[in-house]
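What follows is each chain in one-letter form.
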Amino acid sequence: VVRDLTIDGGANDRAVLVRAGASMVLERAVLREGASPQGALVGAFGDLTVRGARLSDASGANGCVYIGDDARLDAHGLHVSNCTSTALGGALQVIGVDPVTLVGARLESNQADFGGGLSVGAQSSVTATGSWLSGNDATSEGGGAHVQAGGALTLVDSWAASNTSTVGGAVS
């Protein structure tokens, strides 16, 4: 359990890595200024539980938070802002993961080629409840969220506003 901790990556590396077979709980954590090809701030290949974390100001190729390879994410109160991906999922990239649960998430002011706020890959399923996708930008598709073929995104009592993209400003 990581609780009440601030980690500044200094734009040199990711702040948190959860390896396959491992698990981690982030509670009231602040992570900022990371850089890594898979998960500029968080790379999760195992089970990650989030309870009230703020992540910001990071850049990489595949999401500020990368959830992949049969990992699990259960996030309540995750706030990701000002992150940039040169490929998929400015705030959050999910690939090969089912299910991912977001409750009360805020993905704001992030940027990527596909899925400025969120990218959902094939064989992945994301359910966002009471969540907010706002001010995200994608240079190609899905300003708020991009769902690839074979992926699924369910938004329940959630909002997508002021997202921009050449195709699918809110969701593509």
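This one's a predicted model, so the numbers in the text were calculated from it and none came from an experiment.

Trainee: I'd like a description of the sheet that holds strand 3 (residues 16-18), backed by residues and values.
Mentor: Taken together, the six strands give an open sheet; going across it, the order is 3-6-8-10-14-18, and neighbouring strands pair in parallel fashion. At either end of the open sheet lies a strand with only one pairing partner, and these are strand 3 and strand 18 (145-147). Averaged over all neighbouring strand pairs, the angle between strand axes comes to 5°, with direction disregarded. When strand 10 (residues 92-95) meets strand 14 (residues 118-120), the two strands line up parallel, connected through three bridges. Bridge pairing in strand 14 places glutamine 93 opposite serine 119.

Trainee: Kindly report on empty space enclosed by the protein, identifying the contributing residues and their values.
Mentor: Considering all chains together, one arrives at two cavities of 30 Å³ or more under this definition. The volume enclosed by the largest cavity comes to roughly 70 Å³. Taken together, Leu102, Ala105, Leu107, Leu118, Ala128, Ser131, Trp132, Leu133, Leu155, Ser158, Trp159 and Ala160 make up the full set of residues lining the largest cavity. When contributions to the lining of the largest cavity are tallied by element, the ones reaching two or more residues are strand 16 (132-134) and strand 20 (159-161). Here the second largest cavity defines a volume of roughly 40 Å³. Examining the composition of the lining of the second largest cavity, we find that four residues originate from one element, strand 7 (residues 47-60), more than from any other. Here the lining of the second largest cavity is built from residues that sort into nine nonpolar, no polar and no charged.

Trainee: With reference to specific residues and values, describe unusual backbone geometry.
Mentor: With an omega of 0°, the peptide bond between aspartate 98 and proline 99 qualifies as cis. Its location among the elements puts proline 99 in the loop between strand 10 and strand 11 (100-103). Even without a glycine there, the phi angle at glutamate 33 is positive, about 55°. Along the chain, the position of glutamate 33 falls in the loop between strand 5 (30-32) and strand 6 (42-44). One non-glycine residue, serine 109, adopts positive backbone phi at about 60°. Tracing the sequence through the fold places serine 109 in the loop between strand 12 (106-108) and strand 13 (111-114). With a relative accessible area of 40%, serine 109 lands in the partly exposed category.

Trainee: Could you give an account of the side chain of asparagine 110, naming the residues involved and the relevant values?
Mentor: Structurally, asparagine 110 is set in the loop between strand 12 and strand 13. A relative accessible area of 2% means that asparagine 110 is categorised as buried. One polar contact links the side chain of asparagine 110 to the main-chain carbonyl oxygen of valine 80, over a distance of 3.1 Å. Leave out the neighbours within four places in its chain, and asparagine 110 touches Val80, Ser81, Asn82, Cys83, Gly90, Ala91, Gly116, Gly135, Asn136 and Asp137.

Calculation rules
- Residues numbered from 1 in each chain as written.
- Predicted model: local features only at pLDDT ≥ 70, side-chain atom pairs only at ≥ 80, totals over all residues.
- Heavy atoms only, no water.
- Pairing = 2+ DSSP bridges.
- Helix = DSSP H or I, 4+ residues; strand = E, 2+ residues; numbered from the N terminus.
- Axes fitted to C-alpha atoms, helices over the stretch in contact; angles between N-to-C directions.
- 1 Å grid on protein atoms, 1.4 Å probe; cavity = no way out; pocket = protein on both sides within 12 Å on 5 of 7 lines; lining within 4 Å.
- Points joined across faces, edges and corners; volume = space filled by probe spheres on them.
- Nonpolar A, V, L, I, M, F, W, Y, C, P; charged D, E, K, R; others polar.
- Buried < 20%, exposed > 50% of the residue type's maximum accessible area, 1.4 Å probe, protein only.
- Polar contact = N/O pair within 3.5 Å; in protein donor to acceptor, adjacent residues only side chain to side chain.
- Contact = heavy atoms within 4.5 Å.

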